[in-house]
Amino acid sequence: MSETATSENNGSAPAARSQGKRVFIKSFGCQMNVYDSQRMADLAALEGYGEAEGVDDADVIVLNTCHIRERASEKIYSELGKLRELKDMRRETGRRTVLVVAGCLAQAEGGEILRRQPAVDVVVGPQSYHRLPELLRKAEVRSGVIDTDFPVEDKFSHLPASRPDSIAKRGVAAFVTVQEGCDKFCSFCIVPYTRGSEASRPVSAVLEEIKRLTAAGVCEVMLIGQNVNAYHGLDQAGRVTTLAGLIASAAAVPGVRRLRYATSHPDDMSADLIAAHREVETLAPFLHLPVQSGSDRILASMNRRHSVADYLDIVARTRATRPDIAFSSDFIVGYPGETEADFEETLSLARAVGYASSFAFKFSARPGTPAFGMDGQLDESVKAKRLARLQLLLEEQRQAFNRACVGRRVEVLFEKPGRRPGQVVGRSPYMQAVHAEGPLSLVGVMTEVEIIGVGSNSLRGRVVSPPS
Ligand code: SAM
Ligand code: SF4
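First things first, this report covers the structure right here in the doc. For clarity, every value in this text was computed on a predicted model and none was experimentally measured. In this numbering scheme, every chain counts its residues from 1 along its sequence in written order. Just so you know, chain letters begin at A and ligand numbers begin at 1, following the order they were written in. Whole-chain, interface and lining totals are the exception, using all residues; otherwise, since this is a predicted model, local features are given only for residues with pLDDT of at least 70 and side-chain atom pairs are given and counted only at 80 or more. In computing side-chain values, all of the structure's heavy atoms are included and hydrogens and water are not.

### Quick word on the pairing of strand β13 (residues 258-262)
For β13, a buried count of 5 out of 5 residues is recorded, marking the element as mostly surrounded by other parts of the structure. Throughout, exposure labels follow a simple rule: accessible area from a 1.4 Å probe, protein chains only, divided by the maximum for the residue type, with under 20% read as buried, over 50% as exposed, and the rest as partly exposed. A run of H or I in DSSP counts as a helix once it spans at least four residues, and a run of E counts as a strand once it spans at least two, with each numbered from the N terminus. Taking every second residue as pointing to the same face, both faces of β13 are buried, with Arg-258, Arg-260 and Ala-262 on one and Leu-259 and Tyr-261 on the other. Here the rule is simple: two strands pair whenever DSSP picks up at least two bridges between them. Note that strand β10 (residues 220-224) and β13 share 5 bridges and pair parallel. Following the sheet pairing, Ile-224 is matched in β13 by Ala-262.

Here you go:
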């Protein structure tokens, strides 16, 4: 639904109109939202908005929302309640605040958001946020502007290039969205309805963006998409390129020291992508491969398109290709009809794989998805017990993996100063936080580190040969 006209320029230059105003963008949910928030910040900067430190110094507050589970959505409404109080208080002193709800909740609930929280000025979906400046201009003259279209124009080609200073603020590791939307329609998932059908960015657009990032000091790039290994972007000759092809091209961009990709679906784990883990030296030996359940019966009901055996086969083939690879996953417990025996099979699968880290969630019935009205909905108490049992196992596996790293030498990309002076913090290929003694000049450097200890949430390391 769109209530936007094509243009409504009132004559003043955008930068002049928003002079002195600041925007604060708060991101909820997944990496795709983090990336979208950065691109919205680029748009706002072009429009003349400064970046606010937080809500207090912001004239425009954008909540870039998540709708994946009920709790995520409720959190947003409670945050909006507090922002309404702030807006009312400021109005008494003559200061205006514009509230924007962007992201998947905006897409899913649209006008309902305005009904539940009339203080909201703009509602904009994830496929139309490139029109944010136009929507903010409209919000100057009226409230309740909605744009949840899936426009035919390519959002990415309407976004301004990120400026080197804004890239530098984000650090040395960056996300690049290469694929959006999903055609898989897992029975529990809202994504195909909020993000639309699957689309891939052209290879050249992705490479151009990576070049801009590395020129501004980024060394690690994570190629992201709701279903990133379904990537099928066109190259300049009009040929379809797979994610493996894109990874090979991205690895050739000067300055790229490490590549990652997420999130992958088992059904799209092609042979060339598995081979890329051997062939591309800069590709991190880490694979986030959500399985959701260890029961074939539940996987079929979830419309996952893979069996437990298919999944274990992918894990085995990837390990044979790249022996030092580690895996992480997403699990859903308490899906409708899940028996104790099905849940035991999920525990068995986790034991069979041995994950480095994982996420586990209680099934949340999302209106509009096939699983919402399914028979066999389980009690919250059953879900909670199963979640606790699975999380305990996954946590034991995480700690065991961390302990097994002690004595190993791994490449760490240092990202920022540590809490203590003389300490820097970075990430291992396995996404673990690693603390080491060293000068601040190590920030932005990827170097070999020997792991010498394990904390509850991070590792301690010693830089093997500090760069001169
Ligand atoms: N595309 C990825 C895949 O195929 O696994 C996952 C993307 S989804 C945004 C992230 C995770 O949220 C899923 O892997 C799933 O575990 C979880 N999730 C999605 N819908 C859910 C629901 N209704 N209840 C609980 N967890 C859910
Ligand atoms: Fe959702 Fe992932 Fe399934 Fe797509 S593949 S419907 S994003 S869980």
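### As for the site of ligand 1
Each residue is tested against the molecule or strand, and it is near if at least one of its non-hydrogen atoms lies within 4 Å. Residues in close proximity to ligand 1 total 17 residues, the closest being Phe-188, Gln-226, Gln-292, Asp-330 and Ser-364. Any pair of nitrogen or oxygen atoms within 3.5 Å is treated as a polar contact; in protein, a donor-acceptor pairing is required on top of that, and neighbouring residues in sequence qualify only through side-chain atoms on both sides. With respect to ligand 1, the side chain of Arg-69 contributes an N or O atom lying 3.2 Å from a nitrogen atom. Take Arg-304: an N or O atom from its side chain is 3.1 Å from an oxygen atom of ligand 1. A total of 570 Å² of accessible area belongs to ligand 1 in isolation, and the protein chains cover 89% of it. Of all the secondary structure elements, the ones that give two or more residues to the shell around ligand 1 are β15 (326-333) and β16 (357-362). Residue composition of the shell around ligand 1, grouped by class: 7 nonpolar, 5 polar and 5 charged. Calculation of accessible area relied on Shrake-Rupley with a 1.4 Å probe; when residues are assessed, cover is drawn exclusively from the protein chains displayed. Note that Gly is not counted as nonpolar here; it falls among the polar residues with everything else outside the nonpolar set of Ala, Val, Leu, Ile, Met, Phe, Trp, Tyr, Cys and Pro and the charged set of Asp, Glu, Lys and Arg.

### Considerations on the packing of aromatic side chains
Here the distance between the centres and the angle between the planes together describe a pair of aromatic rings. The aromatic pairing rule takes the rings of Phe, Tyr and Trp, using the six-membered ring of Trp, and pairs them if the centres are within 6.5 Å, calling planes under 30 degrees apart stacked, those over 60 edge-to-face and the rest tilted. All told, the structure shown has 4 aromatic pairs when counted by the stated rule. Centroid distance Tyr-335 to Phe-363: 5.4 Å. Interplanar angle 75 degrees. Geometry classified as edge-to-face. Placement of the pair is Tyr-335 in the loop between β15 and α14 (340-353) and Phe-363 in the loop between β16 and α15 (380-404), with a sequence separation of 28 residues. Given a relative accessible area of 0%, Tyr-335 falls into the buried group. Their ring planes at 85 degrees and their centres at 5.1 Å tell us that Phe-401 and Tyr-430 sit as a pair that is edge-to-face. Of the two residues, Phe-401 sits in helix α15 while Tyr-430 sits in the loop between β18 (423-427) and β19 (433-437), which places them 29 residues apart along the sequence.

### Digging into the site of ligand 2
Around ligand 2, the neighbouring residues are Cys-182, Lys-184, Phe-185, Cys-186, Phe-188, Cys-189, Val-191, Pro-192, His-265 and Arg-304. Residue composition of the shell around ligand 2, grouped by class: 7 nonpolar, 1 polar and 2 charged.

### Comments concerning helix α3 (residues 70-92)
For α3, spanning 23 residues, the distance from its first C-alpha to its last is 34 Å, which sits close to the expected 33 Å at 1.5 Å a residue. Ser-73, Ile-76, Tyr-77, Glu-79, Leu-80, Leu-83, Leu-86, Lys-87 and Arg-90 are the residues of α3 that are buried. When checking whether two residues touch, look at their non-hydrogen atoms; a contact exists if any pair is within 4.5 Å. Elements that come into contact with the buried residues of α3 comprise β1 (22-27), β3 (60-65), β4 (98-103), α4 (104-109) and α5 (111-116). A positive backbone phi angle near 85 degrees is found at Gly-94, which sits one or two residues after α3. Take the number of residues in a helix, subtract one, and multiply by 1.5 Å to get its expected span.

### Focus: the environment of Ala-174
Among the secondary structure elements, Ala-174 is positioned in strand β7 (residues 173-177). Separated by 66 residues in the primary sequence, Ala-174 and Ala-108 place their C-alpha atoms 28 Å from one another.

### Overview of the environment of Arg-239
Residue position: Arg-239 is located in the loop between β11 (233-234) and β12 (240-241). Other than its neighbours up to four places away in sequence, Arg-239 contacts Gly-233 and Leu-234.

### Some points on the pairing of β4
When you tally the buried positions in β4, you get 6 out of 6 residues, the bulk of the element. Note that β3 and β4 share 6 bridges and pair parallel. Looking at β4, one finds that Leu-63 is bridged to Val-101. Following the backbone out of β3, through α3 and into the adjacent parallel β4, one traces a crossover that is right-handed. The sheet contact formed by β4 and strand β5 (residues 122-124) spans 3 bridges and is parallel. Residue Val-100 lies in a different strand from β5, and its bridge partner there is Val-122. Look down the strands so they point away from you; if going from the first strand over the helix to the second traces a clockwise path, that crossover is right-handed.

### Details of the sheet that holds strand β6 (residues 145-147)
As summarised here, the arrangement of the 6 strands in space is β2-β1-β3-β4-β5-β6, forming an open sheet in which the pairing is parallel. Of all strands in the sheet, those bounded by a partner on one side alone are β2 (50-51) and β6. With respect to the sheet, helix α2 (residues 31-46) is in contact with β1, β3 and β4, its orientation differing from that of β1 by roughly 170 degrees. Lines fitted to the C-alpha atoms define the axes, with helices restricted to the stretch that makes contact. Angles between their N-to-C directions range from 0 to 180 degrees.

### Quick notes on the packing of helix α11 (residues 271-279) against helix α13 (residues 308-321)
The contact between α11 and α13 brings their axes to 8 Å, and the two run at 25 degrees. With respect to α13, the axis of α11 lies roughly parallel. The handedness of the crossing between α11 and α13 comes out as right-handed. Across the interface between the two elements, Ile-274, Ala-275, His-277 and Arg-278 of α11 pack against Ile-314, Arg-317, Thr-318 and Thr-321 of α13. Of the residues contributing to the contact of α11 with α13, the split by class is 3 nonpolar, 3 polar and 2 charged. Comment on the angle field: the value is read as roughly parallel under 35 degrees, roughly antiparallel over 145, roughly perpendicular from 65 to 115, and oblique elsewhere. Crossing handedness follows the turn of the near helix against the far one: under a right angle anticlockwise gives a left-handed crossing, and clockwise gives a right-handed one.

### Considerations on the sheet that holds β16
Taken together, 3 strands build an open sheet; the order of strands is β14-β15-β16 and the sheet is parallel. Each edge of the sheet is formed by a strand with only one pairing partner; in this case those strands are β14 (286-288) and β16. Strand-to-strand twist in this sheet, taken as the mean axis angle between neighbours without regard to direction, amounts to 10 degrees. In the sheet, β15 pairs with β16 via 6 bridges, with the strands oriented parallel. Within the sheet, the bridge partner assigned to Val-333 lies in β16 and is Lys-362.

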